[in-house]
Amino acid sequence: MSDTTQDGQLLTTADGKPLKASLAKALRREKLRALMLIAPLLIFVLITFVAPIADMLFRSVENGIVADTLPKTVVALEAWDSTSGEAPDETVFAALYEDMVIAVDEKTHTRLGSRLNYEESGISSLFRKTGRRIKRMDEAGPFKEQFLDADKDWGTVETWQVLKRYSPRITSGYFLNSFDAQLTADGVEMKPEDERIYMFLFGRTLFLSIVITISCLLLGYPIAFLLAALPLRTSNLLMILVLLPFWTSLLVRTSAWKVLLQQQGVINDFLVWTGLISEAGRLVMINNQTGTIIAMTHILLPFMILPLYSVMKTISPTYVRAAKSLGANDWISFWRVYFPQSVPGIGAGAVLVFILSIGYYITPELVGGTSGIFISNRIAYHISSSLNWGLAAALGTLLLVAVMVLFVVYDKIVGIDNVKLG
Amino acid sequence: MSALPPYASPLQRTWYYSFRIICGLIFFFLIFPILVILPLSFNAQDFFTFTKEMLALDPAGYSFKHYQDFFTNPDWQQALTNSVMIAPVATVLATSFGTLAAIGLSQSHVPYKPAIMAVLISPMIVPLIISAAGMYFFYSRIGLQGTYWGVVLAHAALGTPFVIITVTATLVGFDRSLVRAAANLGANPVTTFFKVQMPLIVPGVVSGALFAFITSFDEVVVVLFLGSAGQKTLPWQMFTGLREQISPTILAVASLMVAISICLLTVLELLRRRSERLRGLSPG
């Protein structure tokens, strides 16, 4: 496009400004106005939501506690060769004494002890014990003997190796822990067989989520198919049966399943009454994986039906009719003509259900017992019970990455702008 | 699948009816757990199953005692008060910020739109346990953990994506020449907004607000971590009840919450119809 007229004169607006500049100015103003409208929410979400997530990511690698609590010891330890096979010498112990006196005053030594205890059990009690003895130590030294006298663990190489390994401010320790590995003197190693729980839990979360997604698909497809085929008046009415569970509180539905699935619950009572099972043979359907799968399939089923329905609604019935008039039987016309057109709906529904289920916490916690819990339950446990926040953050980060990857897939299939509700 | 043609073969007939039966069973699976708690909440005994008296429809088997407990027990009443204090404030915050942003996003020239959209929608995508963990860490740093405002801000953040999605959906069908016409007739932007644009997007705003409300009202994971005993909401109380001492009062509360859901669903459906009628999308 040219911004000059044929005789070479610049196009101008009525007040004599160049048209191009004037248009650019108008566009800029429009952009600015749009941004001004978005800004309040953007700032709000950045502070209340994005910052917390960033904080969690930071915490998964943050490890300032050793360097903050024992600053002089960390410096002195730099000269010590951790492969020498011997505990450090007197200078390190002197630095440790100075640091510990301050730490005990501020009562930070127990926190450091419990932090290092995640990596090597026994260190927590070592710090506690030494903390109690520190006041009685002779300020003149020699410190090594006095520390060894307080707890002989100060003489072992392993204690000092752990201390040295975790003195940097950034650590990969929590992530290694999430992968059931640990940092040892010889580099990264897998934990002993009986201590590997996280990979197993991730695996189980993945497995149960896949089972739940498949059950949702198997139950959701016929319903969506029926709703899309029925006349609008009838399907709107039946849609209530899908939307009511969708709108009912998660806890209401979980409590309903808890009531139904109990050994003294409605389903078992009914089965005993019909004689299908004996009084002694009441089924155990709760506090195990069965409970989690049944309850979560029920809870997530509407999330499968709604996207499927919205895709199936757009499939024109004329294609199936054409296939039939060309001689295809019911099955062929469904499988070769209808089904391929419904695949985008399957993709959208399946990814949505899968994303929702791998992060589930409440339902597994209440009906899952010990065999039906997810990785989220472990994260919650580390936040509120074991107080190993770094590990909780690392596990959370891994889960977040998984969800983000899936979400990109979802975005490719459906598009973020096409998310519809109800 | 619509209607069975008269020339259908016996096999087609069988399949037609068995398919309907299968669908009926799935619908039953969807709705039964919700409906079953209604009669059970009137149980005169402290059982979670139907007693002989209930099955015989004997009035003695039914009572309002669990409802009575809910309305007299101070724990439950405190939880109800907290929920009622938190959810509306979170809803107002989420709706006002969300509506403004949705209007901004629907303008024709928005720089970095995909990135902004991703950030604004993220509270809906990120698993609740991760949001809860992050918020717990961050809010304890800035002293909001365990406070009323901490919970309100967190719930508002979780509710905004729903407002954006519903309001954007109503704005998609919005005819922009109406705004130009209003401006042409001498209305300033503020008048145009309130007299022309607002009435048309109101259904979207209200359904967004309902979504935001239910998000906060039903939310348990975040409040479990962020709140202290002073912010114990209804879902939190239900969660503790289910985990520790399962009492039939939970069923009475659950039944009341189902009633609330039915009301919300009705309002939403009416709004959807009104919105479609206003924008001329459907004849009826």
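The structure displayed is predicted, hence computed values, not measured ones.

As recorded in UniProt, the feature "domain: ABC transmembrane type-1" (unreviewed entry) lies at residues 202–410 of chain A. Helix and strand shares over residues 202–410 of chain A are 79% and 0% respectively, and the end C-alpha atoms of the span are 21 Å apart.

Before going further, it helps to spend a moment on the nonpolar core. Counting 155 residues, the largest nonpolar core has A:Val242, A:Met312, A:Ile362, B:Leu120, B:Ile129 and B:Met238 as the members making the most contacts within it. With 13 residues, the top contributor of residues to this core is helix α10 (residues 198–229) of chain A. Look past the residues within four positions of A:Val242 in its chain and what remains in contact with it is A:Ile223, A:Leu227, A:Pro302, A:Ile305, A:Leu306, B:Phe27 and B:Leu30. A:Trp80, A:Val104, A:Ile123 and A:Trp160 belong to the second largest nonpolar core, which has 28 residues in total.

This next bit is on the domain arrangement of chain A. Domain assignment breaks chain A into domain 1 (65–169) and domain 2 (198–418). Of note, the centres of domain 1 of chain A and domain 2 of chain A, computed from C-alpha atoms alone, are 52 Å apart.

Turning next to the domain arrangement of chain B. All names here are of chain B. Taken domain by domain, chain B consists of domain 1 (10–61) and domain 2 (75–278). Between domain 1 and domain 2, the C-alpha centre-to-centre distance is 33 Å. Each partner contributes to the interface: domain 1 provides seven residues, whereas domain 2 provides eight residues. At the boundary of domain 1 with domain 2, total buried surface from both sides reaches about 700 Å², with 85% on carbon and sulfur atoms. Of all residues in domain 1, Ile 37, Ser 41 and Phe 48 bury the most surface against domain 2, accounting for 64% of the area lost on that side. If you look at where domain 1 meets domain 2, you find zero salt bridges. Joining domain 1 to domain 2, the criterion identifies one residue pair in polar contact (both at pLDDT 80 or more). Here the side of domain 1 that touches domain 2 is built from residues that sort into five nonpolar, one polar and one charged.

What counts and what doesn't
Residues numbered from 1 in each chain as written. Chains lettered and ligands numbered in written order. Predicted model: local features only at pLDDT ≥ 70, side-chain atom pairs only at ≥ 80, totals over all residues. Heavy atoms only, no water. UniProt positions renumbered as here; feature names shortened; annotations may be inferred. Helix = DSSP H or I, 4+ residues; strand = E, 2+ residues; numbered from the N terminus. Core = buried A, V, L, I, M, F, W, Y, C linked by side-chain atoms within 4.5 Å. Buried < 20%, exposed > 50% of the residue type's maximum accessible area, 1.4 Å probe, protein only. Contact = heavy atoms within 4.5 Å. Domains from an automatic or database assignment. Buried area = accessible area lost by both parts, 1.4 Å probe. Salt bridge = Lys/Arg side-chain N within 4 Å of Asp/Glu carboxyl O. Polar contact = N/O pair within 3.5 Å; in protein donor to acceptor, adjacent residues only side chain to side chain. Nonpolar A, V, L, I, M, F, W, Y, C, P; charged D, E, K, R; others polar.

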